[in-house]
Amino acid sequence: MGILDFFKSGEKNSYLKELSEYAATEEDIKNITDSINKNGYWEEHVEWRISTVTSSKIEPKIKDDMTWYITTVKCEQEVMIPAASLERAIVFKKIYERFFVDLFYAQRWASHAR
C-alpha cells in the first residue's frame, strides 16, 4: 500500500483519534509556560526508537501586536505551525508527534522511502 492509498483507505490509525485526546492538559500548559518564561521557548527531544528522535519546540513570537506560538516538530522531516494560543500549539505538537510515528510504522516513512 502506497502513502496515498494509506490515506484513502480510511484505516483507523492513532492520528485519527478524537481531537479531545490531544488536548492540552493543565500540566502541559504549566510545564511549557514555565520553560517559556525561563528560556524564551520550550523544547523536548524524545527517542521513540533506537536512534530515532522527535524534537518538538514551542516558541512565542509577537507579530502585529499578537502573540503567536510557533510549534515545530521534527523527525526526519520538519513541520512548523503558527498557533494563536498555547493550548492550540500543544494540540498541534501532539498530533504531529503521533503522525510521524504512525507514518514510520505504517509506511516506513521517510527513512526507507526512495
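Note: the structure precedes this text.
The present account deals with the structure reproduced in this document.

As summarised here, the arrangement of the four strands in space is 1-2-3-4, forming an open sheet in which the pairing is antiparallel. Unpaired on one side and paired on the other, strand 1 (42–49) and strand 4 (77–83) mark the two borders of the sheet. Within the sheet, the average angular offset between the axes of one strand and its neighbour, ignoring direction, is 15 degrees. Relative to strand 3 (residues 66–75), strand 2 (residues 52–63) runs antiparallel, the two being bridged by nine bridges. Residue pairing for strand 3: serine 55 is matched across the bridge by lysine 74. Lying over the sheet, helix 2 (residues 26–39) contacts strand 1, strand 2 and strand 3, oriented at roughly 125 degrees with respect to strand 1. Where helix 3 (residues 86–107) meets the sheet, it contacts strand 1, strand 2, strand 3 and strand 4, and its direction lies at approximately 15 degrees from that of strand 3.

All right, on to the packing of helix 2 against helix 3 then. Running from N to C, helix 2 and helix 3 cross one another at 105 degrees; their axes reach a closest spacing of 11 Å. Between helix 2 and helix 3, the angle is such that the two are roughly perpendicular. Contacts between helix 2 and helix 3 involve Asp28, Ile29, Ile32, Thr33 and Ile36 from the first element and Leu86, Glu87, Ile90 and Lys94 from the second. Looking at the contact of helix 2 with helix 3 residue by residue, the classes come out as five nonpolar, one polar and three charged.

Reading the values: rules and limits
- Residues numbered from 1 in each chain as written.
- Predicted model: local features only at pLDDT ≥ 70, side-chain atom pairs only at ≥ 80, totals over all residues.
- Heavy atoms only, no water.
- Pairing = 2+ DSSP bridges.
- Helix = DSSP H or I, 4+ residues; strand = E, 2+ residues; numbered from the N terminus.
- Axes fitted to C-alpha atoms, helices over the stretch in contact; angles between N-to-C directions.
- Contact = heavy atoms within 4.5 Å.
- Parallel < 35°, antiparallel > 145°, perpendicular 65-115°, else oblique.
- Nonpolar A, V, L, I, M, F, W, Y, C, P; charged D, E, K, R; others polar.

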